[in-house]
Amino acid sequence: MSFRWSAGFRRAHGIVHRYRLTPRLSNLPDTRFRLASTATNMGAIGMHTVDTTERLARLRELMRKPEFNVKVVVVPSEDEHFSEYPAEADKRRGFISGFNGSAGCAVVTLKDAFLFTDGRYFLQAEKQLDKNWTLMKQGLPEVPTWQEFLSKPLKHLEEGVRIGIDPTLIVASEAQSLKKSLDPRNSELITFSKNPIDIVWASERPSRPKNKVFVLDVKYAGEPFSSKLDRIRVEMAKKNASATAVTLLDEVAWLFNLRGSDIEFNPVFFAYAVVTRDSAVLFIDETQIDESVKAHLGQEVSIQPYRAFLPYLKGLAVDSLVKKEEPVLLGDKTNLAVVEVLGEENVVLAPSPVAILKAIKNVTEIEGFRQCHIRDGVALARYFSWLERQLNSGNQVDEYQGAEQLAKFRSKLDDFKGLSFTSISSAGPNAAIIHYSPDPKDCAMITKDQIYLCDSGGQYLDGTTDVTRTWHFGTPSDEEKRAFTRVLQGHIAIDTAVFPSGTTGARFLNICDFIIDMGLDCDVCFPRIYHFRAETALARWARHGTGHGVGHFLNVHEGPQGIGTRIGYYSDGKWGIRIEDVVIVREVKTEENFGGNGYLGFEHVTMCPIQTSLVDLTLLSANERAWLNAYHEEVFQKISPYLTGTDELALDWLRRMCAQI
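Residues numbered from 1 in each chain as written. Predicted model: local features only at pLDDT ≥ 70, side-chain atom pairs only at ≥ 80, totals over all residues. Heavy atoms only, no water.

**Structural notes on the overall build of the protein chain**
Heads up, the condition is: Only DSSP runs of H or I covering at least 4 residues are called helices, and only runs of E covering at least 2 are called strands; the numbering of each starts at the N terminus. To sort residues, take the accessible area from a 1.4 Å probe on protein chains only and compare it with the maximum for the residue type: under 20% means buried, over 50% means exposed, and anything in between is partly exposed. Contacts are residue-level and defined by heavy atoms, with any inter-residue pair within 4.5 Å sufficient. Each accessible area is a Shrake-Rupley result for a 1.4 Å probe, and residues are judged covered by the shown protein chains and nothing else.
Looking only at helices and strands, the protein chain features 19 helices and 30 strands. Classification of the 661 residues of the protein chain by burial places 61% in the buried group. Long-range contacts, defined here as pairs at least 24 residues apart, represent 71% of the contacts in the protein chain between residues at least 6 apart. If you sum the accessible surface of the protein chain, you get close to 25500 Å²; carbon and sulfur atoms cover 49% of it.

Take a look at the structure:
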């Protein structure tokens, strides 16, 4: 039996088994890949402005030199593995622009500089970009994407220009589309052999990490890597592929049941892999693997140096070991440099077979997710109860101190390995900045008279968590209660949805309309699908999707699924509200089975109370009240055994928060 794990879904299916709880709480494990960070990942720490004048001047000097000779340089956020959150050494867009949000693309011309990002980061980018930059708010009317900006007749860019990009930093399919779109304007996409940003960065650029890799025991992974290789070869045979190249870090880690710590918050390591019909090669710096890893891989996997990956592929092409009739299967996020080495005629670009298999979790992984979310709920209960006591006692706690305290509670949990992203601990107006994270040197106080939004998560050997809760420790206004209630109703609507197997996120727009029709003066933004309605003085539309996939002790954001129970409402300059749970997509038995494909629903595994004193109970239906009461009964039953006899103050708080309404 198979499952798809998600904070959302896309063509998801599966069966969920019930389970028995075994409370356990232990001391901090000996090995952790990262607890906290000053890095600029999801929820970047620090909002200060960087003077980019000198950096841009040096870049433009290089652009004019014969070896580059371009009028435009494109600087994406990603690294050569298409990592959403790259290592410090690969944050080229952050270096050249000063904007350290996780999503965005910089376009630099000989005269101007533009930063393209989505609505999650509008406020952050406005604070961080200096006078040299123009912020392009993607998703708003009349604002092009960076690709459209380069290919359409716009005043900032003339025709017939050479546009430069590092071929390792752009997806091959995206590069192909961009090249075609540039033809009508007689412009040309040029690939660099040396990234000019690296030259500007020079000696100040950090070194890439080369941390030790470790084995994820099959008792957590649920399947030996040899079985995964067999399943990959089955997918290769369907395409008559002679080999497949695996370039994404989380896919390499999943495939071989290995984990690392080269990228903060993501238990991955720098590596590539090539799987053929009868062999497997792991390309990694050999200093990162010890005898236990070598023993784990055995004779089935050979090791080659990390930088030997492209030469190895080139050798396959030169020796005619790959050809049009027996191509190399490449995932659709493979970079252009890989395709250039193999030759377009020798590859097939398709959704990565590793990504699809990884998204469908096995029974062991599913149970691990359930258990780690229960343990995670213990840390959340201890933290929020602690925070309430501090504020009621008149003690001052700032946003960063709050995040650190939550991390300490998590660090005491069994199988804890680190945080899954920088905690978004935000009070008052900062809660309206969707991926805000406090600067330890300059952040707001958490107070009783303001909304407090906390979006956080942990990495555990048996799973990854991501949870958002919004609180008010004083007396919320009617406006805040109404907004919170509407967000909660949207959350409940998605949590209880029953939908046909094969449903995609776009077809959940009826829930978007449901939320708006109930009187919430904001919009929900689905991935790449936007509804624009009149903004009011109360709030702006929610600038994020309603969910994302979650890796199993891997990246907190995982595709291909992209819808879940994440509803937000943001009043710029005032406050923000969000509720987010992680769910399993499971089969649902219905009286009818129209079409014969079956129906699906969600099982929530996040175990953290939802503040009922922030709810306008007059707006809830009887069914919504019943859902909230049932959820709180479940939370109390699963979390309270861990607190009984160990933290009575947190237990008392949990009892109050889970009281029936």
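**Considering the pairing of strand E8 (residues 188-191)**
Heads up, the condition is: When DSSP finds two or more bridges between a pair of strands, those strands are recorded as paired. A clockwise course of the path from the first strand over the helix to the second, judged with the strands pointing away from the viewer, identifies a crossover as right-handed.
As defined by bridge partners, strand E7 (residues 162-165) adjoins E8 across four bridges and the pair is classed as parallel. The partner of Gly164 across the bridge, within E8, is Ile190. Tracing the backbone out of E7, into helix H5 (residues 172-182) and back to the parallel element E8 gives a crossover that is right-handed.

**Points about the packing of aromatic side chains**
Selection rule: Centre distance within 6.5 Å is the pairing criterion for rings of Phe, Tyr and Trp, where only the six-membered ring of Trp is used; planes under 30 degrees apart are then read as stacked, over 60 as edge-to-face, and the remainder as tilted. Look at NZ for Lys and CZ for Arg. If either is within 6 Å of the ring centre and within 35 degrees of the ring normal, a charge sits over the ring.
The tally for this structure, following the rule as stated, stands at 22 aromatic pairs. When the ring of Tyr272 is compared with that of Tyr306, the centres are 5.2 Å apart and the planes differ by 25 degrees; the resulting orientation is stacked. Placement of Tyr272 in strand E12 (residues 272-276) and of Tyr306 in the loop between strand E14 (302-304) and helix H11 (309-318) is noted, with a sequence separation of 34 residues between them. Using a relative accessible area of 4% as the deciding quantity, one classes Tyr272 as buried. Through successive ring pairs, a cluster of aromatic residues spans Phe270, Tyr272, Phe283, Tyr306, Phe309 and Tyr312. Here the guanidinium or amino end of Lys228 rests over the ring plane of Trp254, the centre of that ring lying 4.1 Å away.

**So, the side chain of Asp647**
This is how it is decided: Here a polar contact means two N or O atoms within 3.5 Å. Within protein one must be a hydrogen donor candidate and the other an acceptor candidate, and residues neighboring in sequence count only if both atoms are side-chain atoms.
Tracing the chain through its elements places Asp647 in the loop between helix H18 (622-643) and helix H19 (648-657). Within the structure, Asp647 has its side chain in polar contact with the backbone nitrogen of Ala650 (distance 3.0 Å).

**A short note on the packing of helix H14 (residues 363-392) against H19**
This is how the line gets drawn: The convention used is that axes are lines fitted to C-alpha atoms, helices contributing only their stretch in contact, and that angles between N-to-C directions extend from 0 to 180 degrees. Oblique is the label for any angle not covered by the other classes, which are roughly parallel (under 35 degrees), roughly antiparallel (over 145) and roughly perpendicular (65 to 115). Nonpolar residues are Ala, Val, Leu, Ile, Met, Phe, Trp, Tyr, Cys and Pro. Charged residues are Asp, Glu, Lys and Arg, and all others, Gly as well, are polar.
As a packed pair, H14 and H19 sit with axes 9 Å apart at the nearest point and diverge in direction by 95 degrees. Taken together, the axes of H14 and H19 are roughly perpendicular relative to one another. The residues of H19 that touch H14, namely those facing Ala381, Arg382, Phe384, Ser385, Glu388 and Arg389, are Leu649, Ala650, Trp653, Arg656 and Met657. Partitioned by chemical class, the residues of the contact of H14 with H19 number six nonpolar, one polar and four charged.

**Topic: helix H16 (residues 478-495)**
The following threshold applies: Helix span, expected: 1.5 Å multiplied by one less than the number of residues in the helix.
Here H16 spans 25 Å end to end across 18 residues, near enough to the 26 Å set by a 1.5 Å rise per residue. Summarising burial for H16: 14 of the 18 residues are buried, a large majority.

**Points about the confidence of the model for the protein chain**
The criterion, for reference: Think of pLDDT as the predictor's per-residue confidence, scored from 0 to 100.
Model confidence for the protein chain is summarised by a mean pLDDT of 87, while 86% of its residues fall at 70 or above. Low confidence marks residues 1-43, where pLDDT is under 50. Its contacts with residues over four positions away, or in another chain, come to 186 contacts. This model gives residues 516-541 a pLDDT under 50, and the stretch forms 71 contacts once residues within four places in sequence are excluded.

**What to know about the pairing of strand E10 (residues 243-246)**
Alternating positions in E10 separate into two faces, Ala243 and Ala245 on one and Thr244 and Val246 on the other, with burial throughout. Note: E10 against strand E15 (residues 328-331), three bridges, orientation parallel. The residue of E15 that forms the bridge with Ala243 is Val328.

**Some details on the pattern of salt bridges**
Any two side chains of opposite charge can pair, on the condition that their charged atoms come close. Using the following cut-off: Only one rule defines a salt bridge in this text: a Lys or Arg side-chain nitrogen within 4 Å of an Asp or Glu carboxyl oxygen.
The full count for this structure, using the stated rule, is 34 salt bridges. Here Glu159 ties to Arg185 by a salt bridge, and the two come within 4.0 Å at their closest N and O atoms. Taken together, the residues span a long stretch of sequence, with Glu159 in the loop between helix H4 (146-151) and E7 and Arg185 in the loop between H5 and E8 at a distance of 26 residues. On the accessibility criterion, Glu159 (47% relative accessible area) is partly exposed. Bridged by salt links that share partners, the residues Glu80, Asp90, Arg92, Asp198, Arg205, Arg208 and Arg307 form one connected network.

**Brief notes about the nonpolar core**
Our working rule: In plain words, nonpolar cores are sets of buried Ala, Val, Leu, Ile, Met, Phe, Trp, Tyr and Cys residues tied together by side-chain atoms within 4.5 Å.
Core analysis: the biggest nonpolar cluster contains 65 residues, and Tyr383, Phe384, Leu387, Tyr452 and Ile639 have the highest contact counts within it. At eleven residues, H14 tops the list of elements feeding residues into this core. Beyond its immediate stretch of four places on either side in the chain, Leu387 contacts Val397, Ile446, Tyr452 and Phe473. Formed by 53 residues, the second largest nonpolar core is a distinct cluster that contains Ile232, Ala243, Trp254 and Val338.

**Quick look at the sheet that holds strand E5 (residues 113-117)**
The six strands lie next to each other as E6-E5-E4-E3-E7-E8, forming an open sheet whose pairing is mixed. Two strands lie at the open edges of the sheet, namely strand E6 (134-137) and E8, each paired on one side alone. Strand-to-strand twist of the sheet, defined as the mean angle between neighbouring strand axes without regard to direction, takes the value 25 degrees. Sheet analysis places E5 next to E6, joined by four bridges and oriented parallel. Within E6, the residue paired with Phe114 across the bridge is Thr134. The strands that helix H1 (residues 53-63) touches are strand E3 (72-75), strand E4 (105-109) and E5; relative to E4, the one it contacts most, it runs at about 65 degrees.

**Considering unusual backbone geometry**
The amide bond that connects Gly559 to the next residue, Pro560, takes the cis arrangement and shows omega of 5 degrees. When you line up the elements, Pro560 lands in the loop between helix H17 (509-517) and strand E27 (565-571). You will see that Asn240, though not glycine, has its phi angle at about 55 degrees, which is positive. With respect to the helices, strands and loops of the structure, Asn240 is situated in the loop between helix H8 (225-238) and E10. Asn240 gets classed as partly exposed once you look at its relative accessible area, which sits at 41%. We note that Asn257 has phi near 55 degrees; this positive angle belongs to a residue other than glycine. Looking at the element boundaries, Asn257 is found in the loop between helix H9 (249-256) and strand E11 (258-259). Residue class for Asn257 comes out buried when judged on its relative accessible area of 2%.

**A word on the state of the cysteines**
Short version of the rule: Note on terminology: disulfide denotes any pair of cysteine sulfur atoms within 2.5 Å.
Going through the model one piece at a time under the given rule, you end up with zero disulfides. In this structure Cys608 is not part of a disulfide, and its nearest cysteine sulfur, from Cys454, lies 8.6 Å away.

**Overview of the packing of H14 against H18**
Short version of the rule: By the definition used in this description, the sense in which the near helix is turned from the far one sets the handedness, with an anticlockwise turn below a right angle giving left-handed and a clockwise turn giving right-handed.
Look at H14 against H18: their axes get within 9 Å of each other, and the N-to-C directions meet at 65 degrees. Taken together, the axes of H14 and H18 are roughly perpendicular relative to one another. When the axes of H14 and H18 are compared, the crossing they make is right-handed. For the pair formed by H14 and H18, the contact residues are Gln371, Ile374, Arg375, Gly377, Val378, Ala381 and Arg382 on the first element and Lys638, Ile639, Tyr642 and Leu643 on the second. Across the contact of H14 with H18, the residue classes break down as six nonpolar, two polar and three charged.

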